[in-house]
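Chains, contacts and geometry: an overview
The residues making up each chain are set out below.
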Amino acid sequence: ISQIYASNPHCIFNVLELVDKCIGSRIHIVMKTDKEIVGTLLGFDDFVNMVLEDVTEFEITPEGRRITKLDQILLNGNNITMLIPGGEGPEV
Amino acid sequence: MYMQPTTNTVEEPLDLIRLSLDERIYVKMRNDRELRGRLHAYDQHLNMILGDVEETVTTVEIDEETYEELYKSTKRNIPMLFVRGDGVVLVAPPLRVG
């Protein structure tokens, strides 16, 4: 891979490699629906399904309700819209 | 994780996006979201990494009595984020006003 980087300065960087750098840190996930999830990223796969720990789930309603879950979750990547590394979640 | 060597000509639609690497772009997404930020990386699914981003979410509130539509937009700034490609509707250079 480093040979390809050296010979092609204008390479397309693998987007998932940058997500890989977030493993171990807090990450804020925005879903397609009015829901956001904040947790510590343990891992993910090619489909961007994610394993998270110490998770807080936010429902984006006029009241900004919060549900806290601990342990680990497997989040289905189908409904993810954006990932924000180091994010703390929506302002409540 | 094989990186395809790139050419300098525009041959397919994704090549147009390649021209915007490291430039500021405008991304329109599903669910009334828009992003303006610097394009750091993308792939064939249109997953993208954007830096220095302004996100705009537009909502419509309908008044119960008058049935008037009130359009509101909420903006927030995010230093770095990953966008999942299946939510992307269009990618363009930033809109210029005036």
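Below you will find a few notes about this structure. Here, residues in each chain are numbered from 1, in the same order as that chain's written sequence. A letter from A marks each chain and a number from 1 marks each ligand, given out in the order of writing. Given that this is a predicted model, residues contribute local features only at a pLDDT of at least 70 and side-chain atom pairs are listed and counted only at 80 or more, while totals for whole chains, interfaces and linings are drawn from all residues. Think of the side-chain values as coming from all heavy atoms in the structure, minus any hydrogens and water.

Scanning chain A from terminus to terminus reveals 2 helices and 5 strands. Helix numbers and strand numbers start at the N terminus; a helix is a DSSP run of H or I with at least 4 residues, a strand a run of E with at least 2. The N-to-C order of helical and strand elements in chain A reads α-α-β-β-β-β-β. Per-residue burial for chain A yields a buried fraction of 42% across its 92 residues. Whether two residues are in contact is decided by their heavy atoms, any of which lying within 4.5 Å being enough. Considering only contacts within chain A whose residues lie at least 6 apart along the sequence, 45% involve residues at least 24 apart. Here the open area of atoms and residues is found with the Shrake-Rupley method and a 1.4 Å probe, where only the protein chains shown may cover a residue. Surface exposure of chain A reaches about 5,200 Å², of which carbon and sulfur atoms provide 51%. Think of it in three bands: residues with accessible area under 20% of the maximum for their type are buried, residues over 50% are exposed, and the middle band is partly exposed, with areas taken using a 1.4 Å probe on protein chains only.

Here we come to the pairing of strand β3 (residues 48-62) of chain B. All names here are of chain B. Strand pairing is defined by DSSP finding a minimum of two bridges between the two strands. Direction of pairing for strand β2 (residues 33-42) relative to β3: antiparallel, over a ladder of 8 bridges. Paired with Arg38 across the strands is Gly51, a residue of β3. Once β2 ends, the chain turns through 5 residues before running back antiparallel as β3, passing Leu46 with a positive phi of about 70 degrees. Pairing geometry for β3 and strand β4 (residues 69-83), over 14 bridges, is antiparallel. Counted as the bridge partner of Glu61 is Leu70 from β4. Once β3 ends, the chain turns through 6 residues before running back antiparallel as β4, passing Tyr67 with a positive phi of about 60 degrees.

Our next topic: the environment of Met50 of chain A. Residues and elements named next belong to chain A. In this structure, Met50 sits in strand β3 (residues 50-59). Its relative accessible area of 0% is what places Met50 among the buried residues. As a C-alpha pair, Met50 and Leu75 span 25 residues in sequence and 5.1 Å in three-dimensional space. When neighbours within four sequence positions are excluded, Met50 is seen to be in contact with Ile27, Ile29, Leu41, Gly43, Phe44, Ile73, Leu74, Leu75, Ile80 and Leu83.

Grouping into patches uses exposed residues only, defined as over 30% relative accessible area, and leaves out salt-bridged ones; the cut-off is 9 Å for like charges and 5 Å for nonpolar side chains (Val, Leu, Ile, Met, Phe, Trp, Tyr). We define a salt bridge as a contact between a side-chain nitrogen of Lys or Arg and a carboxyl oxygen of Asp or Glu at a distance within 4 Å. Taken together, the side chains of Val60, Ile62, Tyr67 and Tyr71 of chain B present a nonpolar region at the surface, about 490 Å² in accessible area. Exposure remark for Tyr67 of chain B: the relative accessible area of 63% places this residue in the exposed category.

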